[in-house]
Amino acid sequence: ELKVEQNPLFLSMQEGKNYTIYCNYSTTSDRLYWYRQDPGKSLESLFVLLSNGAVKQEGRLMASLDTKARLSTLHITAAVHDLSATYFCAVDNNNDMRFGAGTRLTVKP
Amino acid sequence: DAEITQSPRHKITETGRQVTLACHQTWNHNNMFWYRQDLGHGLRLIHYSYGVQDTNKGEVSDGYSVSRSNTEDLPLTLESAASSQTSVYFCASSPTSGSYNEQFFGPGTRLTVL
């Protein structure tokens, strides 16, 4: 059974700092997605990673995928308050999408 | 603009009642999904459909059913609502299965079962 683990589950960081969120998964897959969710809102797609070694960047966020290690990372550079949200990774196992529990990020001034 | 909508956005019901949550998408996507979101569990897949007349069980399908009579709609029915089904429900859709299956999510329905 496919399991997806994110860590940390809670992350409080100061503006300007860097940090990485980790997403480990238990079975072979080369399709991984990162989503953002603001409180009370729906999920917004951030990145789609479709192959080993894929790296995508958007603003202060960069996501990467290592299918051999079954690991994806979401790196935050020079955090700003607007990045405060919950971030989910999801692994696609033939349309059976499994989500991590989410990382609630709070960026403090 | 194409979109995905859910109704109602909020629903309060009583234990034992039948409840149906609607999901409608205008992207003409073949794939549609229902998830529930509970604190500490992320999103868990309830049912999904690859096209008209196709339905499949997901990770947490007990107590739920879906039907797909057209491309645009995938209603989710709780046959006999239970308090454990209090949750936020999200519908999603994606294009025909292939190498790229990004899912697009609806705004969610908050269901409370008393």
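Residues numbered from 1 in each chain as written. Chains lettered and ligands numbered in written order. Predicted model: local features only at pLDDT ≥ 70, side-chain atom pairs only at ≥ 80, totals over all residues. Heavy atoms only, no water.

Chemist: Looking at this structure, I do not really get the interface of chain A and chain B. What am I missing?
Modeler: By convention, interface size is frequently given as the accessible area that disappears when the constituent parts associate. Of the residues lining the interface, 22 residues belong to chain A; the matching set on chain B comes to 24 residues. Interface area for chain A against chain B, summed over the two sides, is near 1,700 Å², with a carbon-plus-sulfur share of 50%. The tally of links between chain A and chain B comes to 1 salt bridge. Residue A:Arg98 is joined to B:Glu59 by a salt bridge in which the shortest nitrogen-to-oxygen separation is 3.9 Å. Counting across the interface, chain A meets chain B through 4 residue pairs in polar contact (both at pLDDT 80 or more). Residue assignment for the side of chain A that touches chain B shows that the elements contributing at least two residues are strand E4 (32–37), strand E5 (43–49), strand E9 (85–93) and strand E10 (96–99) of chain A. Looking at which element gives the most residues to the side of chain A that touches chain B, the answer is E10(A), with 4 residues. Within the side of chain A that touches chain B, the residues separate by chemical class into 9 nonpolar, 6 polar and 7 charged. (Contact = heavy atoms within 4.5 Å. Buried area = accessible area lost by both parts, 1.4 Å probe. Salt bridge = Lys/Arg side-chain N within 4 Å of Asp/Glu carboxyl O. Polar contact = N/O pair within 3.5 Å; in protein donor to acceptor, adjacent residues only side chain to side chain. Helix = DSSP H or I, 4+ residues; strand = E, 2+ residues; numbered from the N terminus. Nonpolar A, V, L, I, M, F, W, Y, C, P; charged D, E, K, R; others polar.)

Chemist: Got a minute to help me understand the layout of surface pockets in this structure?
Modeler: If a probe as big as a water molecule is rolled over the atoms, it shows which places are left empty. Taken as a whole, the largest pocket encloses approximately 680 Å³ of empty space. In terms of lining residues, the largest pocket is bounded by 30 residues, among which A:Gln37, A:Thr86, A:Arg104, B:Gln37 and B:Leu39 are the most central. Residue assignment for the lining of the largest pocket shows that the elements contributing at least two residues are E9 and strand E11 (103–108) of chain A together with strand E4 (31–38), strand E9 (87–94) and strand E11 (109–113) of chain B. With 4 residues, the top contributor of residues to the lining of the largest pocket is E11(A). Across the lining of the largest pocket, the residue classes tally to 11 nonpolar, 13 polar and 6 charged. Surrounding the second largest pocket, 16 residues form its lining, A:Val4, A:Phe99, A:Ala101, B:His41 and B:Glu59 being those nearest its centre. (1 Å grid on protein atoms, 1.4 Å probe; cavity = no way out; pocket = protein on both sides within 12 Å on 5 of 7 lines; lining within 4 Å. Points joined across faces, edges and corners; volume = space filled by probe spheres on them.)

Chemist: I'm lost on unusual backbone geometry in this one. Help?
Modeler: Where the residue is not glycine, phi is negative for most of them; where a peptide bond is considered, it is trans in most cases. Following A:Asn7, the chain continues into A:Pro8 via a peptide bond in cis, with omega recorded as -5°. Structurally, A:Pro8 is set in the loop between strand E1 (4–7) and strand E2 (10–14). Residues B:Ser7 and B:Pro8 are joined by a peptide bond in cis, for which omega reads -10°. Residue position: B:Pro8 is located in the loop between strand E1 (4–7) and strand E2 (10–13). A positive phi angle is found at A:Ala78, which is not glycine, with a value near 50°.

Chemist: I tried to follow the state of the cysteines on my own but got confused; where do I start?
Modeler: Two cysteines form a disulfide when their sulfur atoms are joined by a covalent bond. As enumerated under the stated definition, the model contains 2 disulfides over all chains in all. Each sulfur in the disulfide pair A:Cys23 and A:Cys89 lies 2.0 Å from the other. Its S-S torsion of approximately 80° makes the covalent link between A:Cys23 and A:Cys89 right-handed. Here A:Cys89 lies in strand E9 and A:Cys23 lies in strand E3 (residues 19–25), a separation of 66 residues in the sequence. Across this residue pair, the class does not change: A:Cys23 and A:Cys89 are buried. Each sulfur in the disulfide pair B:Cys23 and B:Cys91 lies 1.8 Å from the other. On the S-S bond that ties B:Cys23 to B:Cys91, the torsion sits near -70°, and the link is left-handed. Remark: B:Cys91 occurs in strand E9 and B:Cys23 occurs in strand E3 (residues 19–25); sequence separation between them is 68 residues. (Disulfide = S-S within 2.5 Å. Buried < 20%, exposed > 50% of the residue type's maximum accessible area, 1.4 Å probe, protein only.)

Chemist: I would appreciate a short explanation of the side chain of B:Ser61 in the present structure.
Modeler: With respect to the helices, strands and loops of the structure, B:Ser61 is situated in the loop between strand E6 (54–57) and strand E7 (64–66). Leave out the neighbours within four places in its chain, and B:Ser61 touches B:Ile46 and B:His47.

Chemist: How should I be thinking about the sheet that holds strand E6 (residues 55–58) of chain A in this particular structure?
Modeler: Whether parallel or antiparallel, the strands of a sheet pair through hydrogen bonds between backbone atoms. Residue and element names in this part refer to chain A. Overall, antiparallel pairing links the 5 strands, which are arranged E1-E3-E8-E7-E6 in an open sheet. Looking at the sheet topology across the chains shown, the edges are occupied by E1 and E6. Strand-to-strand twist across the sheet, computed as the mean angle between neighbouring axes with direction ignored, equals 15°. Inspection of the sheet shows E1 paired to E3 by 4 bridges, in the antiparallel sense. The residue bridging Glu5 from the neighbouring strand is Asn24, located in E3. (Pairing = 2+ DSSP bridges. Axes fitted to C-alpha atoms, helices over the stretch in contact; angles between N-to-C directions.)

Keep in mind that these numbers describe shape and distance, not what the molecule does.
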